[in-house]
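A look at the structure
Letter by letter, the chains look like this.
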Amino acid sequence: MGTAKKEKQRRERQNDTRDANLKVKGENFYKDAKKVKHLSMYKSGRAVRNAKGDIIKAADMQSSDIPVARVDPNKKWFGNTRVIAQDALSHFREAMADKKHDSYSVLLKRNKLPMSLLDEKDKTESPAARILETESYEHAFGPKQQRKKPRLMTASNLEELASITEKDQQQYEEKLELDSTLGLMGNSILDKDDFTQEAKEAIFHKGQSKRIWNELYKVVDSSDVVIHILDARDPLGTRCESVEKYIQTECPHKHLIYVLNKCDLVPTWVAAAWVKHLSKRFPTLAFHASITNSFGKGSLIQLLRQFSTLHSDRKQISVGFIGYPNTGKSSIINTLRRKKVCQVAPIPGETKVWQYITFMKKIFLIDCPGIVPPSQRDTESDILFRGVVRVEHVSSPEQYIPDLLKKCTRKHLERTYEVSGWAKFEEDPALLEKAGIEFIELIARKQGRLLKGGEPDETGIAKQVLYDFTRGKIPWFVPPPQDESSESKETHKNKDALEKKESEK
Ligand SMILES: Nc1nc2c(ncn2[C@@H]2O[C@H](COP(=O)(O)OP(=O)(O)OP(=O)(O)O)[C@@H](O)[C@H]2O)c(=O)[nH]1
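Residues numbered from 1 in each chain as written. Predicted model: local features only at pLDDT ≥ 70, side-chain atom pairs only at ≥ 80, totals over all residues. Heavy atoms only, no water.

As recorded by an unreviewed UniProt entry, the protein chain carries the name Nucleolar GTP-binding protein 2 and is attributed to Pichia sorbitophila. The Sequence similarities (unreviewed entry) field of the UniProt record for the protein chain holds the comment "Belongs to the TRAFAC class YlqF/YawG GTPase family. NOG2 subfamily." In the Subcellular location (unreviewed entry) part of its UniProt record, the protein chain is described as follows: "Nucleus, Nucleolus". (UniProt positions renumbered as here; feature names shortened; annotations may be inferred.)

Now for the pairing of strand β3 (residues 225-231). Within β3, seven of the seven residues are buried, which leaves it mostly tucked inside the rest of the structure. Burial along β3 is two-sided: V225, I227, I229 and D231 facing one way and V226, H228 and L230 facing the other are all buried. Bridge count between β3 and strand β4 (residues 255-261): seven bridges; the pairing is parallel. Of the residues in β4, the one forming a bridge with H228 is Y258. With helix α11 (residues 241-250) bridging β3 and its parallel neighbour β4, the resulting β-α-β unit is right-handed. When β3 meets strand β6 (residues 317-323), the two strands line up parallel, connected through five bridges. Within β6, the residue paired with I229 across the bridge is G323. (Buried < 20%, exposed > 50% of the residue type's maximum accessible area, 1.4 Å probe, protein only. Helix = DSSP H or I, 4+ residues; strand = E, 2+ residues; numbered from the N terminus. Pairing = 2+ DSSP bridges. Right-handed = clockwise from strand over helix to strand, strands pointing away.)

Time to look at the pattern of salt bridges. One pass over the full model with this rule turns up 16 salt bridges. K218 is paired through a salt bridge with E215; the nearest N and O atoms lie 3.0 Å apart. Of this pair, K218 and E215 both sit in helix α10 (residues 210-222), separated by three residues, roughly a single helical turn. Overall, the relative accessible area of 34% leaves K218 in the partly exposed class. On the basis of relative accessible area, E215 is assigned to the buried category, the value being 5%. One network of salt bridges, with partners in common, ties together R239, E241, E244 and R281. (Salt bridge = Lys/Arg side-chain N within 4 Å of Asp/Glu carboxyl O.)

As a further point, take the packing of aromatic side chains. Summed over the entire model, instances satisfying the criterion amount to 10 aromatic pairs. Ring centres of W269 and F477 lie 6.2 Å apart, and the angle between their planes is 90 degrees; on these two criteria the pair is classed as edge-to-face. Here the residue W269 occupies a position in helix α12 (residues 268-279), and F477 occupies one in the loop between α19 (458-470) and α20 (482-504), the gap between them amounting to 208 residues. Overall, the relative accessible area of 26% leaves F477 in the partly exposed class. Seen in terms of ring centroids, W422 and F439 are 4.9 Å apart; in terms of plane orientation they differ by 70 degrees. Their pairing is edge-to-face. With W422 in the loop between α17 (410-417) and α18 (432-447) and F439 in helix α18, the pair connects residues that are 17 residues apart, well separated along the chain. Taking relative accessible area as the criterion, F439 reaches 0% and is therefore assigned buried. One aromatic cluster is present, formed by W213, Y217 and Y246 through successive ring pairs. (Phe/Tyr/Trp six-rings, centres within 6.5 Å; stacked < 30°, edge-to-face > 60°.)

Turning next to the nonpolar core. Counting residues in each nonpolar core, the largest one holds 64 residues, and the members touching the most others are L216, L404, L413, F439 and V465. Both domains that furnish three or more residues to this core are identified here as domain 3 (202-367) and domain 4 (396-470). If we ignore the near neighbours within four places in the chain, the residues touching L216 are V243, I322, C368 and I371. Core analysis: the second largest hydrophobic core is formed by 24 residues, L285, L303, L304 and F321 among them. (Core = buried A, V, L, I, M, F, W, Y, C linked by side-chain atoms within 4.5 Å. Domains from an automatic or database assignment. Contact = heavy atoms within 4.5 Å.)

As summarised here, the arrangement of the six strands in space is β5-β4-β3-β6-β8-β7, forming an open sheet in which the pairing is mixed. Each having just a single partner strand, β5 (284-286) and β7 (355-358) make up the two edges of the open sheet. For this sheet, the mean angle separating the axes of adjacent strands, direction not counted, is 25 degrees. Running at roughly 145 degrees to β6, α10 makes contact with β6, β7 and β8 (363-367) of the sheet. (Axes fitted to C-alpha atoms, helices over the stretch in contact; angles between N-to-C directions.)

With that settled, consider a nonpolar patch on the surface. A surface patch of nonpolar side chains, amounting to about 290 Å² of accessible area, comprises L39, M41 and Y42. Among the structural elements, Y42 can be located in helix α2 (residues 33-44). (Patch = residues over 30% accessible without salt bridge, like charges linked within 9 Å, V, L, I, M, F, W, Y side chains within 5 Å. Areas by Shrake-Rupley, 256 points an atom, 1.4 Å probe, with all protein chains shown as cover.)

Around the ligand, 21 residues are found, and the nearest of them are A289, S330, S331, G349 and T351. N261 is positioned with one of its side-chain polar atoms (N or O) 3.1 Å from a nitrogen atom of the ligand. Separating an oxygen atom of the ligand from a side-chain N or O atom of K329 is a distance of 2.8 Å. Coverage of the ligand by the protein chains reaches 86% of its 650 Å² of free accessible surface. For the shell around the ligand, the element with the most residues is helix α14 (residues 329-337), which contributes three residues. Of the residues contributing to the shell around the ligand, the split by class is seven nonpolar, 10 polar and four charged. (Near = heavy atom within 4 Å. Polar contact = N/O pair within 3.5 Å; in protein donor to acceptor, adjacent residues only side chain to side chain. Nonpolar A, V, L, I, M, F, W, Y, C, P; charged D, E, K, R; others polar.)

On the secondary structure map, H288 appears in the loop between β5 and α13 (297-310). Residue H288 is classed as buried on the basis of its relative accessible area, which comes to 17%. For H288, the residues in contact, after removing those within four places along its chain, are N261, D264, N293, S294 and F295.

For the rest of this paragraph, the subject is the pairing of β6. Put simply, side chains in a regular strand alternate between the two faces of the sheet. With respect to burial, β6 is a largely interior element, seven of its seven residues being buried. Going residue by residue along β6, you find I317, V319, F321 and G323 tucked away on one face and S318, G320 and I322 tucked away on the opposite face as well. Examined bridge by bridge, β6 and β8 share five bridges and lie parallel to one another. Within β8, the position partnered with F321 by the bridge is D367.

Now the structure itself:
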């Protein structure tokens, strides 16, 4: 043993036919390759010195000219993630973008889809990411640069800047308004800054208390389907846009639908036009709540059944009813159940707390107290005419009669109260106040409601008229948008004409 030759001979002698490299005794005989590598690492780590002890060659790690090291990227570093190609991502984005905002298509198992990939966050959040959109690279940085710093704003002149600022301000105010409805009711901007709001009577803040909003959040949190009840006479007035926005942004997996209740109080073409208009946003159904003579019940039940089959993996689904006070949430639940399970009254605020009602084996209904999103635009009359406040609590109700006269048509009022002849304010708006007083007086004389000395009972009559208005005794509705209303009117006219012809035959 010892040299290579001797080792070879020994193997031949002993019939050792291994086809491996011959390992001979020498410097590294007792060390394997790994050990040798490790040891040489220590050697190369030392500087080479001359006899005097001066460094003539720096150690590898101390040298300033270390070779460039490049670490190979490895997919495994990213742990439990999936990597997809850019074209697959853009295909996903295109295919999902439409579906995501379409309230008619349902995305099942959303949690398993990478929904966050749909929004390019950097672009919207940081203005710095948009530098190249506002200015080309060459313009700001290249050899032919024309500016010292890149422009961060898209505005090129003062007017543009003003309009951008205005837009930003509007967005900011909308956000504040939304925030103020998201549970910050106590210290909302509306309460602090707006003196008209401060000056409003306390009852005009009904449906806005923190307690009511907490009830709403409980209902929204527990529901898989949220049904927003609107009054067919004023669907846009009784719409809670901030709540819709909240549901869309915070819980987009919940289904939101509109139900246009009290359809019996408006002409058919109006209900049809509103359904058509609102359907563009969310699925909309027309409804008339009544235990004995309802309308739209079958379609609503069918829709709820469809939702429950969509979520067949769940034991049951919950359906929350939200909306302005007095729009008929409890009445719709009673209509569906065909018996009085919820307390119903022609006064707002009848439902105080949320309540669960079993509808079918797999469907639960949740009744919610009426909510009123605070709005700076709504006047006291707007709030009063929507039936949000109790008329008996309003001080001097006669002050709202002129507004009511403006809202309703003269012939409807004449027909309801069988009086006529109050001042023609339609021709001269200055006569509106006078018309209000005369209108009350005419009704008081007709009904014999006079106080001592033959004075008309103004407050009593005004209260009665306001009651009649909110309960739908006086015909009134907000006309639907022009394009839909003309179409629906035409089709309904044609339908009526056809029906007439058929009956004549
Ligand atoms: N004409 C008509 N009246 C309705 C209809 N639905 C409800 N109402 C009436 O509207 C009033 C209010 O109904 P509720 O069911 O108590 O309304 P709510 O939305 O639950 O009210 P809150 O308890 O204040 O939230 C009652 O007098 C009902 O009779 C409808 O379809 N047509």
